[in-house]
Structures are given as structure tokens and as C-alpha cells.
Amino acid sequence: MKLFKAAAALCFCICPAVAAETVDIREWKVPYESSRPRDPYAESTSSVWFVGQRTGYLANLNTETGEIYKVDLKEGSGPHNLIVGSDGVVWYAGNRNALIGRFDPKTKEIEEIAMPDAAARDPHTLIFDEGEKNIWFTVQGGNFIGRLNIESRDVALIPSKTERSRPYGIKIAPDGSIWADLFGTNKLAHVDPETLELTEIELPRQEARPRRVEVTADGRVWYGDYAKGMLGVYNPKTKKFKEWAMPQGEGARPYGMATDGQGRIWMVATGVEPNVFTGFDPETEEFFSETNVPSGGGSIRHMHYYAPTGAVWFGADTNYVGRAIVDPPVTD
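These figures come from a predicted structure and were not determined experimentally.

Asks: Quick rundown of the side chain of Glu-243? Include the residues and the values.
Replies: Tracing the chain through its elements places Glu-243 in strand β23 (residues 240-245). At 2.7 Å, the side chain of Glu-243 and the side chain of Arg-205 are in polar contact. In this structure the side chain of Glu-243 is engaged in a polar contact, spanning 2.7 Å, whose partner is the side chain of Tyr-223. For Glu-243, the residues in contact, after removing those within four places along its chain, are Leu-10, Cys-11, Phe-12, Cys-13, Arg-205, Tyr-223, Met-230, Leu-231 and Gly-232.

Pasting the structure below:
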């Protein structure tokens, strides 16, 4: 096991007051009561897929008409997260029945890929690697990071080195390696995609609990400390950390995170009501934007940036799917 400690390399900053800049947020009410719609994934300018974690469905929102199309999953699925391939196929994490599901909107067929180890009981968050050859995923309670080969359907499971570490958020770095945060600890995890070797990196503060993670184009790894209301960054090249206090204070509970086309970090403070959509600029090292979530939010758990529309998509526990316009649309 490899473990890097960097407590001496921490720089802590208290940021000045946030600028008045806000973003345009629109929300669509989901008609399925108390279903916890979450983790929306835009596949086009008008088509957005999301899951209903509590009541067990996949759904598609047409942003032009407001129409929602629903696909019921078998009882007990507990879908937690989904991603959509360039071929339009939807992949979802069966959080309560130890599988990754595949839904083809053209054929309406569902395929279920079971975990090869019963201990991997709760697939959590999914991401594609470059070229969509593999899906990498976290298994929170089971304490794994996994890889599903899309062609062969083979699943490899990499155990976390720390007991009950709760692998949670996961992202691909520019070099193709995998970064995850270990929400049950004060650690990040790095996986070599070729050797599957897992390395742990310990955050400087013992009480920190990173819940989501982002990797910017320069390879730096950003995390929100849910326990203490901090935004942090780790530089793998220098092995140094830097952290900033959230504008909402220690009880901010930063949860959902995304990176926009300008490399800016967006996160949602879920410890306050209404939740606050918050922007941070790595270049100026300042928080520059705060916008209250119109529905209140409840808890915004995961976010997805869609470059063609300059939008960050999110699901809210208040039973809404939301869109925040943070960038100008990308045009050819």
C-alpha cells in the first residue's frame, strides 16, 4: 500500500466576500412524488436523462417541451447515478441490487451486469474513460473502485486500502488516471488504469471528509470538504494542498461539484436553505458567484457540465431537475 501524507504542505486561505455575480437557474418539476430525481446527464441541447433513486426509474426530460418520459426499473434497484454514451445508451448504477444497468432507448431493452463479488453491493457513481472503452465506478459501502469493460462486460474490483473508507466521487484526469475521494476518511484515492494499483493520499486535516471531486485540465484535484465547509485542491506534481473556506461558513456542506469550460469550479452549499450554487475561479483564487436554488434544493448531490449549452445540470431533493447556465454556449 502506498500512502502520501502532506500535512506540512497545506496553505489555508480565508476568502474575501463573494462578488454579487449570479447565474441563471431554471428548474423543472418532476411529476413522480418524492422520488429523489438526481444526477441528470445531458446528451443533447434538449435531451436530459436522470434517475429516480427512491422510486426506481430512469427518465428523460425534453427541455423544449417539458415532457418527461419514464422507464420503470425492477423493484429494489435504487438507481443512484447514470451516464449516457455517444451512442445514446444509458448506463446506471443499481445501488441497491449490486449491478450496473444498460438501457437502450432504441430497443427499450435493459441489460443488468452483476458485480462479481457480493461484497460490492452498492455501485455508486459512474464515469467513462476516453473513447468510452470502460466505465469506472465507486462502490461506497462495499469499499471498492471498479472498472467495467463495455465490450466484454468484465468487471474488475479494486479494494480500498482503508476500511470503511466509502469511495464516493470519481473523475478521470487528463493523463487517463482515475481519482476518487474516500468520504469515510480524510483521503483521496488514485488508480493507475494500466496496473490497477491504488494509492491513497491523506488530506492535511484529520477531520476533513471529501465528498465529491473534480480534476481540472492542469491535473489538479479539487474536493469539497463536506464536514468543515472547505474547498480544497491537491497538486499531484508538487504534492501540496491548498484550501479555502466556503462563503457560507463551516456548515456549508459542499456536495455536488462540476467544472465548467473555463476551468472554474462550481459547487452547491447544501448545509444552508435554500442551497447555494457557488462558483470559484482557480486563477484568481476567489469565490465569485452565489445563487440561491429557487426550489430550495434540499440536497444537490451530483452535477454534470454540458459544454454545448454552457450548463451545469443537477437534481434536487425538492423533486426538481435543474439547469444553471454558467458559460456561453459552445458553437462550431
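Asks: Mind laying out the sheet that holds strand β2 (residues 10-13), listing which residues take part and the relevant values?
Replies: What the five strands build is an open sheet, ordered β2-β23-β22-β21-β20; its pairing is mixed. Here the strands that pair on one side only, and so sit at the sheet edges, are β2 and β20 (210-215). Taking each pair of neighbouring strands and ignoring which way they run, the sheet shows an average axis angle of 20°. Sheet topology note: the β2/β23 ladder contains four bridges and is parallel. By the bridge assignment for β23, Cys-11 is matched with Lys-242.

Asks: Give a description of the sheet that holds strand β5 (residues 47-52) that names residues and reports values.
Replies: Strand order in this open sheet of four strands is β4-β5-β6-β7, and the pairing throughout is antiparallel. The sheet is open, and its two borders are formed by β4 (37-42) and β7 (68-72), each paired with just one other strand. Strand after strand, the sheet turns through a mean of 20° between neighbouring axes, direction not considered.

Asks: Tell me about the nonpolar core, and name the residues and values.
Replies: Counting 29 residues, the largest nonpolar core has Leu-58, Leu-82, Trp-91, Leu-126, Ile-135, Phe-137 and Leu-148 as its most contacted members. Broken down by secondary-structure element, the contributors of at least two residues to this core are β5, β8 (79-84), β9 (90-94), β10 (99-104), β12 (123-128), β13 (134-139) and β14 (144-149). For this core, the leading source of residues is β9, giving four residues. Those residues in contact with Ile-135 that sit more than four places away from it in its chain are Ile-83, Trp-91, Leu-126, Ile-127, Phe-128, Gly-146, Arg-147, Leu-148 and Ile-150. By size, the runner-up hydrophobic cluster in this structure holds 16 residues, among which are Ala-258, Ile-300, Met-303 and Ala-324.

Asks: Would you mind going over the pattern of salt bridges in detail, with residue names and values included?
Replies: Taken as a whole, this structure holds 17 salt bridges when the rule is applied. In this structure, Arg-36 engages Asp-317 in a salt bridge whose closest nitrogen and oxygen atoms are separated by 3.7 Å. You can see Arg-36 sitting in the loop between β3 (24-29) and β4 and its partner Asp-317 sitting in the loop between β29 (311-316) and β30 (320-325), a full 281 residues away along the chain. On the basis of relative accessible area, Asp-317 is assigned to the partly exposed category, the value being 25%. Two residues, Asp-72 and Lys-70, come together in a salt bridge whose shortest N-O distance is 2.5 Å. Residue class for Lys-70 comes out partly exposed when judged on its relative accessible area of 31%. Each of the salt bridges in this network shares a partner with another, and the network as a whole consists of Arg-205, Glu-207, Asp-225 and Glu-243.

Asks: Any chance you could break down empty space enclosed by the protein for me, citing the residues and the numbers?
Replies: Following the criterion strictly, the structure yields one cavity of 30 Å³ or more and no others. Put simply, the largest cavity is a space of about 30 Å³. For the largest cavity, the full set of lining residues is Gly-169, Ile-170, Lys-171, Arg-212, Val-213, Glu-214, Met-257 and His-302. Those elements that place two or more of their residues in the lining of the largest cavity are β16 (167-172) and β20. Classifying every residue of the lining of the largest cavity gives three nonpolar, two polar and three charged.

Asks: Provide a residue-level description of the layout of surface pockets, including the pertinent values.
Replies: The computed volume of the largest pocket comes to approximately 800 Å³. The wall of the largest pocket is formed by 28 residues, among which Tyr-41, Ile-127, Phe-128, Lys-171 and His-304 lie closest to the centre. Mapped by element, the contributors of at least two residues to the lining of the largest pocket are β4, β8, β12, β16, β20, β24 (254-259) and β28 (300-306). Of the residues in the lining of the largest pocket, the class split is 16 nonpolar, seven polar and five charged.

Parameters at a glance
Residues numbered from 1 in each chain as written. Predicted model: local features only at pLDDT ≥ 70, side-chain atom pairs only at ≥ 80, totals over all residues. Heavy atoms only, no water. Helix = DSSP H or I, 4+ residues; strand = E, 2+ residues; numbered from the N terminus. Polar contact = N/O pair within 3.5 Å; in protein donor to acceptor, adjacent residues only side chain to side chain. Contact = heavy atoms within 4.5 Å. Pairing = 2+ DSSP bridges. Axes fitted to C-alpha atoms, helices over the stretch in contact; angles between N-to-C directions. Core = buried A, V, L, I, M, F, W, Y, C linked by side-chain atoms within 4.5 Å. Buried < 20%, exposed > 50% of the residue type's maximum accessible area, 1.4 Å probe, protein only. Salt bridge = Lys/Arg side-chain N within 4 Å of Asp/Glu carboxyl O. 1 Å grid on protein atoms, 1.4 Å probe; cavity = no way out; pocket = protein on both sides within 12 Å on 5 of 7 lines; lining within 4 Å. Points joined across faces, edges and corners; volume = space filled by probe spheres on them. Nonpolar A, V, L, I, M, F, W, Y, C, P; charged D, E, K, R; others polar.

This is a description of form; function is not addressed.
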